[in-house]
Amino acid sequence: MTDATPVGPEHGGPLDTPWDRLSGSPQDVTGGVQVENSGDFAAVPDAFQRLWTPHRMVYIQGGQQPHPDDCPFCIAPSMDDEKALIVARGKYAYVLLNLFPYNSGHLLVCPYRHVATYDEATAEEVAEIGSLTQVAMRVLKATSGCDGFNLGMNQGRIAGAGIAEHLHQHIVPRWALDSNFFPIIAGTKAIPQLLGDVRRSVAEGWPAGES
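To keep things clear, this report deals only with the structure shown in the data block. (Residues numbered from 1 in each chain as written. Predicted model: local features only at pLDDT ≥ 70, side-chain atom pairs only at ≥ 80, totals over all residues. Heavy atoms only, no water.)

### Side note on the packing of aromatic side chains
Here comes step 1: Counted by the stated rule, this structure contains 1 aromatic pair.
Here comes step 2: Judged by centre distance (5.3 Å) and plane angle (20°), the rings of Tyr-94 and Tyr-112 are stacked. Here Tyr-112 lies in the loop between β5 (107–111) and α5 (123–144) and Tyr-94 lies in strand β4 (residues 93–97), a separation of 18 residues in the sequence.
Here comes step 3: Owing to a relative accessible area of 26%, Tyr-112 belongs among the partly exposed residues under this scheme. (Phe/Tyr/Trp six-rings, centres within 6.5 Å; stacked < 30°, edge-to-face > 60°. Helix = DSSP H or I, 4+ residues; strand = E, 2+ residues; numbered from the N terminus. Buried < 20%, exposed > 50% of the residue type's maximum accessible area, 1.4 Å probe, protein only.)

### Focus: the pairing of β5
Here comes step 1: Counted residue by residue, β5 has 5 buried out of 5 residues, so it is predominantly covered.
Here comes step 2: Going residue by residue along β5, you find Leu-107, Val-109 and Pro-111 tucked away on one face and Leu-108 and Cys-110 tucked away on the opposite face as well.
Here comes step 3: Relative to β5, β4 runs antiparallel, the two being bridged by 5 bridges. Its bridge partner being in β5, Leu-96 is matched across the sheet by Leu-108.
Here comes step 4: Alignment of β5 against strand β7 (residues 169–174), held across 3 bridges, turns out to be antiparallel. Each residue of the ladder has a partner; that of Val-109, found in β7, is Gln-169. (Pairing = 2+ DSSP bridges.)

### Side note on helix α7 (residues 195–205)
Residues spaced three or four apart along an α-helix point in a common direction, a consequence of the helix completing one turn every 3.6 residues.
Here comes step 1: For α7, the complete set of buried residues consists of Val-198, Arg-199 and Val-202. All buried residues of α7 lie within an arc of 100° about the axis, which places them on one face of the element.
Here comes step 2: Residues of α7 that are buried in the fold lie against α4 (81–84), β3 (86–89), β4, β5 and α5. (Arc of directions from axis to C-beta. Contact = heavy atoms within 4.5 Å.)

### Things to note about the nonpolar core
Here comes step 1: One finds Val-87, Val-95, Leu-107, Leu-140, Ile-171, Val-202 and Trp-206 to be the most contacted residues of the largest nonpolar core, which totals 23 residues.
Here comes step 2: Looking at this core, the elements with two or more residues in it are β3, β4, β5, α5 and α7.
Here comes step 3: Of all the elements, α5 adds the most residues to this core, at 6 residues.
Here comes step 4: Apart from residues lying up to four places away in sequence, Leu-107 is in contact with Val-87, Val-95, Leu-96, Leu-97, Asn-98, Ala-136, Leu-140, Gln-169, His-170, Ile-171 and Val-202.
Here comes step 5: Core analysis: the next-biggest nonpolar cluster, separate from the first, contains 10 residues, Ala-84, Tyr-94, Leu-96 and Leu-108 among them. (Core = buried A, V, L, I, M, F, W, Y, C linked by side-chain atoms within 4.5 Å.)

### Some details on the pattern of salt bridges
Here comes step 1: This structure, assessed with the given rule, holds 3 salt bridges.
Here comes step 2: Notably, a salt bridge pairs Arg-89 with Asp-81, separated by 2.7 Å at the nearest N-O pair.
Here comes step 3: Judged by relative accessible area, which is 36%, Arg-89 ranks as partly exposed.
Here comes step 4: Ionic pairing is found between Arg-113 and Glu-125, a salt bridge with its closest N-O pair at 2.7 Å. Within this pair, whereas Arg-113 is found in the loop between β5 and α5, its partner Glu-125 is found in helix α5, the two being separated by 12 residues in sequence.
Here comes step 5: Look at Glu-125 and you get buried, because its relative accessible area is 3%. (Salt bridge = Lys/Arg side-chain N within 4 Å of Asp/Glu carboxyl O.)

### Observations concerning the pairing of β4
Here comes step 1: A large share of β4 lies buried, amounting to 5 of its 5 residues.
Here comes step 2: Here β4 shows no split at all, with Ala-93, Val-95 and Leu-97 on one side and Tyr-94 and Leu-96 on the other all buried.
Here comes step 3: One ladder, built from 3 bridges, connects β3 with β4; its direction is antiparallel. Opposite Arg-89, over in β4, you have Tyr-94 as the bridge partner.
Here comes step 4: Where β3 hands over to β4, the hairpin turn is made up of 3 residues, counted between the paired strands.

Written out as structure tokens, the structure is:
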């Protein structure tokens, strides 16, 4: 097997990609220099294709967790409702729009206290999170005509929590015809309403004194 020398833009040659190395046959990539034949590798072939995404190492290593002093769910209650996208405030918890919604009307219910998981919440916080969730569902049904909901909490980074250190429950309205392949083939979610418009609609539809 011929040892491959470095190739790539910095060496005056083409990019050395996994496709070069997994081609199955030697390729003349720069002036007669060949890369390894994948048939010589110590590996067991399978039916999967590989999508090589080294840029995701930044996310994997650093993640999207904010600095402890910059928790958005601690900061939001100190801001104006419209600016913070808050639709309702209770005594122990509040409701705001998700800044990165899965669907229009994607709400989050958060306790004011900075606690990470559901088991750390007090009985009063648990009760109000539950009641706010019920009211939110009724309001979303009335204002958007949704057909169902996804409710849930991701507890901890390993479980996919975007802001793992501050407890929050997702309320995602669903419609019978809201599924499509756009998020899969284009990595994009189409949201038909602006956040400000959704916030105004939900806030105006929220019953006075309800929490």
